[in-house]
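# Chain and residue survey
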Amino acid sequence: MNENIKENSKHINPFFHPYNTPHDTVPFNQIALEDYEEAFMEGIKRDNEEIDKIINNPDEPTFDNTIVHEDDEKGPHYYDLLDRVSNVFSCMLSAETNDELDALAQKMSPILTKHANDVSLNPKLFERVRKVYENHRELTPEEQMLLNNSYDGFVRSGALLDEKGKEKLRKLTEESSILTLQFSQNLLKDTKAFELHITDEKQLEGLPDSAKEAAALCAKEKEKDGWIFTLDYPSYSPFMTYSTQRELRKQMYMARNTLCTHDNKENNLDICKRLINLRREIAQLLGHETYADYVLKHRMASNADHVYKLLNDLIEAYKPTALQEVESIKQEAQKLEGKDFELEPWDFSYYSHKLQMEKYNLDAEMLRPYFELSKVIKGVFGLATKLYGITFKENKDIQVYHPDVKAYEVFDKDGSYLAVLYADFYPRKGKQGGAWMTEFKGQWITKKGENSRPHVSIVTNLTKPTAEKPALLTLSEVETFLHEFGHSLHGMFANTRFESLSGTNVWWDFVELPSQFMENYAIEKDFLRTFAFHYETGEPIPDDLIERIVKSRNFLAAYGCLRQVSFGLLDMAYYTKKEAFDEDIIPFEKKAWEKAIITKQLPNTCMTVQFGHIMAGGYAAGYYSYKWAEVLDADAFSVFKANGIFNQETAQRFRDNILSKGGTEHPMTLYKRFRGQEPTIDALLKRNGIIKS
């Protein structure tokens, strides 16, 4: 964002006009801070104009004049201004925020929530929608889905409530919106506030060169001597895996696992408690017993019983193996340290790595030289070319919001323009942790038949390059890249009439299928052979190393499964509450997930206060969906394994029936159209070695 723009008295707000950029991409260097607020307020005004037009239309309500209203007179960007600015603003809040942007978000949050409520609680607008819903003409499946979503969206937003109920709902949603934002801001600030500053080189014992070089670079960037380790994953994970300094591992672990619990303004304990209660109150006001009941009505799982069945089935299947895995790590630690050694949580990564080396002679550092980021990018893009025929070309004329970001034009197999893909790989101060895919612009087909193509972004926190070496990734980071790239394919292949049904706008427990599906390729020899070359020698990754990767694939797989299940149990424990939640968060958390916990818990650590997925990320009462989708992805990939992992006919079927369809039909309908049958858990159990092939 260009801070100098505001000094130019002739500055024109870029959100108000066609961008006149390649593919009408966002002109980031023309956007001033005040442009956001001005565009938000004008967008609200234009929304209200549109609604007045609809409700004052003397014609009988129809699908065309009420549900999908297109105005050719004022141009395609007039009424979608609010979406345009919202998409950019939300992306910046996650990927490149600052104090001024955070303050503006706090200011705009109640205003935008009020506007959303004004729309969804408008009785005249709902009455027109209701009439169309009850008396509509015959519609295509996609039109029917949009109509159903429109009507149900009003109902789920309180349209059937009386005036007293509507006013209460307004207050609840506005408070929830503010607290959700505060939760995320607190987490980012508390995460970035911590640093482990080392000046004694002896305290680096055990750490690989890559970790030391990254820490030295971090210290240099902060204008300090020595080495600085942070809680960002590329810094935290290697430290916990390799450092011989047990006390420092403890310091890092406790910092990470007590985030937002301390007696300061970044404490999230009360915020979480209030968010849980707000969501319960909203659900009950709308006629549901619990928030989970409200959410799961529009999920493949359909109800809490089905979610718990999945989680409990996974516990039953995986727990015996998981207990063996943890015991083997304890034995490894005692073999190395003595029979009286007690394994603590900050020891787990360290000694599991020792065991992995002993069993498979394999660790992340051995693989890094073969996973140089520019080569990985070529490999992942090349995989999409092999499967779907699409190609990628960097375009430096497309503006980006940070020098680290690259922008690519994506072309379909017939050479036609398909999408713009932004890639933002490295951690930095104003960027949330983790990895995600988002859109600056969705896909839709205009009234005149023009297919308006999407602008998709993948954001990660991968290992940065240093002065000595390029960015060298771990296998886990390659999997993360593949995961987010899978989401991006879902967005880029979107081919639907309505933007609200395109790309990743699908039911929440279906959205992870395309992403988790792509992770399967990370250990496939034929895929690794396309890009995994030593960054210095150019030698391909050796066969025996690939064999060790494949053999070690299920190392701690059961433990990892139970960890995910524990998060699902915690999520469901909060959002199946029927009464007011007034318990202390930390002990409640320990009890909620204990059925799936097989390692030592510490009394002061807390996941909830940093569990962005279920507090601020849209996964409330939906975290189980990662495991739900894992059943789907294992089942789907078994088809590719049977037909060939690069089989273009199978890939085309996957594209046509799933990736391009978005949320236009029920997800199980789409999946069965690709697969020919409903999925079973068998492929997942076989992949994880729980049952034999």
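My aim in this report is to walk through the structure given alongside it, one point at a time.

Rules used in this analysis
Residues numbered from 1 in each chain as written. Predicted model: local features only at pLDDT ≥ 70, side-chain atom pairs only at ≥ 80, totals over all residues. Heavy atoms only, no water. 1 Å grid on protein atoms, 1.4 Å probe; cavity = no way out; pocket = protein on both sides within 12 Å on 5 of 7 lines; lining within 4 Å. Points joined across faces, edges and corners; volume = space filled by probe spheres on them. Helix = DSSP H or I, 4+ residues; strand = E, 2+ residues; numbered from the N terminus. Nonpolar A, V, L, I, M, F, W, Y, C, P; charged D, E, K, R; others polar. Pairing = 2+ DSSP bridges. Axes fitted to C-alpha atoms, helices over the stretch in contact; angles between N-to-C directions. Contact = heavy atoms within 4.5 Å. Buried < 20%, exposed > 50% of the residue type's maximum accessible area, 1.4 Å probe, protein only. Expected span 1.5 Å × (residues − 1).

## A closer look at the layout of surface pockets
Each pocket or cavity is described by its volume, and for the second largest pocket that value is around 880 Å³. Lining the second largest pocket are 35 residues; nearest its centre among them are K192, K222, D232, R428 and K429. When contributions to the lining of the second largest pocket are tallied by element, the ones reaching two or more residues are helix 4 (99-120), helix 7 (163-193), helix 8 (209-221), strand 2 (227-229) and helix 9 (233-242). Taken together, the residues of the lining of the second largest pocket sort by class into 14 nonpolar, nine polar and twelve charged.

## Structural notes on the sheet that holds strand 6 (residues 436-441)
Strand order across the open sheet formed by five strands is 3-4-5-9-6, with mixed pairing between neighbours. Unpaired on one side and paired on the other, strand 3 (391-394) and strand 6 mark the two borders of the sheet. Averaged over neighbouring strand pairs, the angle between their axes works out to 30° when direction is ignored. As paired elements, strand 3 and strand 4 (residues 406-411) share four bridges and run antiparallel to each other. Looking across to strand 4, one finds that F392 is bridged to V410. In the packing of helix 3 (residues 81-95) onto the sheet, the strands contacted are strand 5 (417-424), strand 6 and strand 9 (455-459), and the crossing angle to strand 6 comes to about 150°. The sheet contacts of helix 17 (residues 475-492) involve strand 3, strand 4, strand 5, strand 6 and strand 9, and relative to strand 9 the element is tilted by about 170°.

## Here we look at the side chain of H288
Considering the arrangement of structural elements, one finds H288 in the loop between helix 11 (269-285) and helix 12 (291-296). The class for H288 is buried, based on a relative accessible area of 18%.

## Digging into helix 6 (residues 141-156)
One turn of an α-helix holds 3.6 residues; hence residues three or four places apart share an orientation. The end-to-end C-alpha separation of helix 6 is 22 Å, in line with the 22 Å expected for 16 residues at 1.5 Å each. Among the residues making up helix 6, those that are buried are E142, E143, M145, L146, L147, Y151, D152, F154 and R156. Close packing links the buried residues of helix 6 with helix 2 (63-67), helix 4, helix 5 (123-135) and helix 12. Among the residues trailing helix 6, G158 stands out with phi positive, at a value near 100°.

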